[in-house]
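# Notes for the structure review
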Amino acid sequence: MIDRYSHPEISAIWELENKFKIWTDIEIYACEARANRGEVPKEDLETIKQKAKFNVDEILEIESKVHHDVIAYLTNLNSYIGPAGRHVHFGLTSSDVGDTALCVQMVQAMDLLIQRTETLLETTKQKAKEYKDLPCIGRSHGIHAEPMTLGLKFALFYAEMTRNLERMKDAREQVAVGKLSGAVGTYSNIDLEIEEYVLNKLGLKVDPIATQVISRDRHAFYMSVLGVVAASLDRIATEIRLLQKTEGREVEEPFAKGQKGSSAMPHKRNPVVCERISGISRVIRSNVNVGLQNVGLWHERDISHSSAERIVLPDSTIALDYILEKMNFVLKGLHVYPDATERTLNVTRGLIFSQKVLLWLIEKGGITREDAYLIVQENAMAVWADQSKNLRDLLKQDPRCSKILKDSDLDEIFQIKPYLERIPLIFKRLGITD
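Residues numbered from 1 in each chain as written. Predicted model: local features only at pLDDT ≥ 70, side-chain atom pairs only at ≥ 80, totals over all residues. Heavy atoms only, no water.

### Topic: the overall build of the chain
Counted only if it meets this: To qualify as a helix, a DSSP run of H or I must reach at least 4 residues; to qualify as a strand, a run of E must reach at least 2; elements of each kind are numbered from the N terminus. With the radius of gyration taken over C-alpha atoms, the globule rule is written as 2.2 Å times the number of residues to the power 0.38. Only protein chains enter the accessibility calculation, which uses a 1.4 Å probe. A residue is then buried if its area is under 20% of the maximum for its type, exposed if over 50%, and partly exposed in between. In this analysis, two residues are considered to be in contact whenever any of their non-hydrogen atoms come within 4.5 Å of each other. Per-residue and other accessible areas were derived by the Shrake-Rupley procedure at a 1.4 Å probe size, with only the shown protein chains allowed to occlude residues. Just so you know, the count uses Lys and Arg for positive and Asp and Glu for negative, and it drops His and the chain ends. Taken as the charge location is NZ of Lys, CZ of Arg, CG of Asp or CD of Glu.
Broken down by element type, the chain carries 18 helices and six strands. Its C-alpha atoms give the chain a radius of gyration of 31 Å, clearly above 22 Å, the size a compact globule of 434 residues would have. Per-residue burial over the chain gives 50% buried out of 434 residues. In the chain, 75% of the contacts between residues at least 6 apart in sequence involve partners at least 24 apart. Just so you have it, the chain exposes about 21,700 Å², and 52% of that area is on carbon and sulfur atoms. With 57 positive and 62 negative side-chain charges, the chain shows a separation of 6 Å between the mean positions of the two kinds.

### Describing the side chain of Thr317
Its place among the elements puts Thr317 in helix H11 (residues 304–332). What Thr317 contacts, discounting residues up to four positions off in sequence, is Ile10, Trp14, Ala109, Leu113, Tyr222 and Leu226.

### So, the nonpolar core
Applicable threshold: Only buried residues count toward a nonpolar core. Its members are Ala, Val, Leu, Ile, Met, Phe, Trp, Tyr and Cys residues joined through side-chain atoms within 4.5 Å.
Counting 125 residues, the largest nonpolar core has Leu150, Tyr222, Leu233, Leu320, Ile323 and Leu361 as its most contacted members. For this core, the element with the most residues is helix H6 (residues 94–130), which contributes 14 residues. Each residue touching Ile323, except ones within four places of it in the same chain, is listed here: Ala230, Leu233, Ile277, Ile280, Ser281 and Ile284.

### Topic: the pairing of strand S2 (residues 143–149)
This is how it is decided: Strands qualify as paired when DSSP identifies two bridges or more between them.
The sheet contact formed by strand S1 (residues 135–140) and S2 spans five bridges and is antiparallel. Each residue of the ladder has a partner; that of Arg139, found in S2, is His144. If you look at the hairpin formed by S1 and S2, you'll find two residues sitting between the two strands, and His141 has a positive phi there, around 60°.

### Concerning the packing of helix H10 (residues 272–293) against H11
Just so we agree on the cut-off: To obtain an axis, a line is fitted to C-alpha atoms, over the contacting stretch when the element is a helix, and the angle between two such axes runs from 0 to 180 degrees between their N-to-C directions. Roughly parallel covers angles under 35 degrees, roughly antiparallel covers those over 145, roughly perpendicular covers 65 to 115, and oblique covers all other angles. Here a crossing is taken to be left-handed if its near helix is turned anticlockwise relative to the far helix by less than a right angle, and right-handed if that turn runs clockwise. Under the scheme applied, nonpolar residues are Ala, Val, Leu, Ile, Met, Phe, Trp, Tyr, Cys and Pro; charged residues are Asp, Glu, Lys and Arg; polar residues are all the others, including Gly.
Where H10 contacts H11, the axes come no closer than 9 Å and their chain directions differ by 150°. Between H10 and H11, the angle falls in the class roughly antiparallel. Regarding H10 and H11, the two cross each other, and that crossing is left-handed. Contacts between H10 and H11 pair Val273, Cys274, Arg276, Ile277, Ile280, Ser281, Ile284, Asn287 and Val290 from the former with Ala308, Val312, Asp315, Ser316, Ala319, Leu320, Tyr322, Ile323, Lys326, Met327, Phe329 and Val330 from the latter. Of the residues in the contact of H10 with H11, the class split is 15 nonpolar, three polar and three charged.

### Digging into H10
Threshold: Under the convention used throughout, the expected extent of a helix is 1.5 Å for every residue step, that is, one less than its residue count.
When the terminal C-alpha atoms of H10 are compared, their 33 Å separation across 22 residues agrees well with the 32 Å that a helix rising 1.5 Å per residue should span. Residues of H10 that are buried include every one of Val273, Cys274, Ile277, Ser278, Ile280, Ser281, Ile284, Asn287, Val288 and Gly291, and no others.

### Quick notes on helix H13 (residues 354–365)
So the rule is basically this: What the arc covers is the set of directions going from the helix axis to the C-beta atoms.
Helix length check: H13, at twelve residues, gives a terminal C-alpha distance of 16 Å against a target of 16 Å (1.5 Å per residue), a fit within 8%. All buried positions along H13 are accounted for by Val357, Leu358 and Leu361. One face of H13 carries all of its buried residues, which in axial projection span an arc of 105°. Check the buried side of H13 and you find it contacts helix H14 (369–385), helix H15 (391–397), helix H16 (399–402) and helix H17 (407–413). Two residues or fewer after H13 comes Gly366, characterised by a positive phi angle close to 65°.

### Some remarks on the packing of H6 against helix H9 (residues 217–243)
Helix-helix packing: each pair is described by the crossing angle between the helix axes and the interaxial distance. Two numbers describe how H6 lies on H9: the axes approach to 12 Å, and their chain directions differ by 20°. Comparing their axes, H9 and H6 come out roughly parallel. The way H6 lies across H9 gives a crossing that is left-handed. Contacts from Leu102, Cys103, Met106, Ala109, Met110, Leu113 and Leu120 of H6 reach H9 at His219, Tyr222, Leu226 and Leu233. Across the contact of H6 with H9, the residue classes break down as ten nonpolar, one polar and no charged.

### Section: the environment of Pro424
Relative to the helices and strands, Pro424 is located in helix H18 (residues 423–430). Accessibility expressed as a relative area gives 36% for Pro424, which makes it partly exposed. For the pair Pro424 and Ser181, spaced 243 residues apart in the sequence, the C-alpha separation amounts to 55 Å.

### Regarding the pattern of salt bridges
Side chains that differ in charge, positive against negative, can pair when their charged atoms come close. Note the threshold: Definition used for salt bridges: Asp or Glu carboxyl oxygen within 4 Å of a side-chain nitrogen of Lys or Arg.
Scanning the model with the defined rule gives 29 salt bridges in all. Two residues, Glu239 and Lys153, come together in a salt bridge whose shortest N-O distance is 2.6 Å. Residue Glu239 is found in helix H9, and its partner Lys153 is found in helix H7 (residues 150–175); the two are separated by 86 residues along the sequence. The shortest N-O distance in the salt bridge between Lys364 and Asp409 comes to 2.5 Å. Here the residue Lys364 occupies a position in helix H13, and Asp409 occupies one in helix H17, the gap between them amounting to 45 residues. For Lys364, a relative accessible area of 45% corresponds to the partly exposed category.

Next comes the structure, spelled out in structure tokens:
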């Protein structure tokens, strides 16, 4: 991922320095396990532990000649260890080291993503509580529907991100495995006890069965979860972008002092961070397909997955870390304009109460739903057609309605408060309490 969209902590996980460090840990732990079994002299083990080191530039120089990264790494490692290096990588294949280390990196990355998500969840919960009672218009198909509250929108996002957090934990569990089972997974040159020892040291579980590699359905699930989380962030960002449109401007992402919105138009305050979140989300979701394509490898393994994973796993985790942090930034500093939410509620001049009128006509007048619908719709269409008209006045003038609903009935119907009475129950179900 380019530096523009990268945070140092998660980027460091995917640096060669960290990868080779994990490889070195695996090789040392394997030697320790063999030493415990009497297969490696203790003095050789001490030499390995004391002298085992690597140099990234030297490894890359060797790889330019041998065209094999694990061989280049082992050559460099053993140049520092000396004769005791004969015990290193004994009975292992390249994927035992590479695949296991990749899972460690994926776990490390997911741990950071989980932390970001937990922070965002707390921010989202606070916004839900803060605006729990602030009326705003709800929309379907982009058209004004019925009143709700702004806090309910945040509560919805909170619930979705809570599910995402559980998905992320599941994805972490799926990839928190390793294998040291040899060329085709048969343990032909290594004992299961050595694998168990090494993976326990790394904090991984043993993959019960593997080929030369860990099966890529695990990685595909991991990538899919990243894609789902990214989609949720896009959903939140899109909602903010829509609410920030000039016509309503009910909310607005932070706009810093000295920030400029347009090279041509000095008045502009654009939702650029939310647009960035939406754009980067598309990249992450596109990468999910690569993870799915990597599941089907030839026989016990080919390396068609390897090159792709070197791109999509770092890029996707780094990019998701970035937009999680940016979404938290947006929500924490979000500008909310209650006067605008109130003004927007009244834009359609009473049309948002149409369902209440419909139900009252049915219940109080004893007429059919079809007849009640026709009365309300005809008056509603007249309001749509004429900006000077409002639904309540037209209903009062319509004898079909006025003979059923009195002025006091309309007073009761055309109130926002009843629409919001059950919102506390929704919050209670979500566990969002004051």
